[in-house]
Amino acid sequence: MPRIVLTWDRPQHLAREEADRWLREELQGLLAIPEILRIELVRLGSPPACHPQPFAWLCELHLAEGADVGACLARTACAEWLRDLRLLGMRPAVGVAIDPVVLP
């Protein structure tokens, strides 16, 4: 099952609660995209001081088997959401998780 993995920063010009509420509402709208089966959202904590915290959030969009990742990202709801993250200065990064290896 393909997964789209996203990371981004919290916008500095919005209160944390306001940004969190907006984010959850936007992600709820992505569930209407046919390729997306479920969404996992994780707030990232601060690592020890010797390691920088590059992002505030990690999100996985779990797609249906055989779903086209490009088509999913191009859907209006997803494309607009990613554009909004960029406009808010949240520096979204998008990756695709393929061929997972499970270690014992």
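Residues numbered from 1 in each chain as written. Predicted model: local features only at pLDDT ≥ 70, side-chain atom pairs only at ≥ 80, totals over all residues. Heavy atoms only, no water.

A.B. asks: If you had to explain the overall build of the protein chain to someone new, which residues and values would you point to?
C.D. replies: Looking only at helices and strands, the protein chain features three helices and four strands. The linear arrangement of helices and strands in the protein chain, starting from the amino end, is β-α-β-β-α-α-β. Within the protein chain, buried positions represent 33% of all 104 residues. A fraction of 69% describes how many contacts in the protein chain between residues 6 or more apart in sequence connect residues 24 or more apart. Taken as two groups, the 11 positive and 14 negative side-chain charges of the protein chain have centres that lie 5 Å from each other. (Helix = DSSP H or I, 4+ residues; strand = E, 2+ residues; numbered from the N terminus. Buried < 20%, exposed > 50% of the residue type's maximum accessible area, 1.4 Å probe, protein only. Contact = heavy atoms within 4.5 Å. Lys, Arg positive; Asp, Glu negative; His and termini not counted. Charge placed at Lys NZ, Arg CZ, Asp CG, Glu CD.)

A.B. asks: Now, about the pattern of salt bridges: what can you tell me, with residues and values included?
C.D. replies: Tallying each qualifying case throughout the model produces six salt bridges. A salt bridge links glutamate 35 to arginine 75, with the shortest nitrogen-to-oxygen separation between them at 2.7 Å. With glutamate 35 in the loop between helix 1 (16–30) and strand 2 (36–43) and arginine 75 in the loop between helix 2 (69–74) and helix 3 (76–87), the pair connects residues that are 40 residues apart, well separated along the chain. For glutamate 35, a relative accessible area of 10% gives the class buried. Across the pair arginine 38 and glutamate 40 runs a salt bridge, and its minimum N-O distance is 2.3 Å. Classification of glutamate 40 by relative accessible area gives partly exposed; the value is 32%. The network of salt bridges with shared partners includes Arg16, Asp20 and Arg43. (Salt bridge = Lys/Arg side-chain N within 4 Å of Asp/Glu carboxyl O.)

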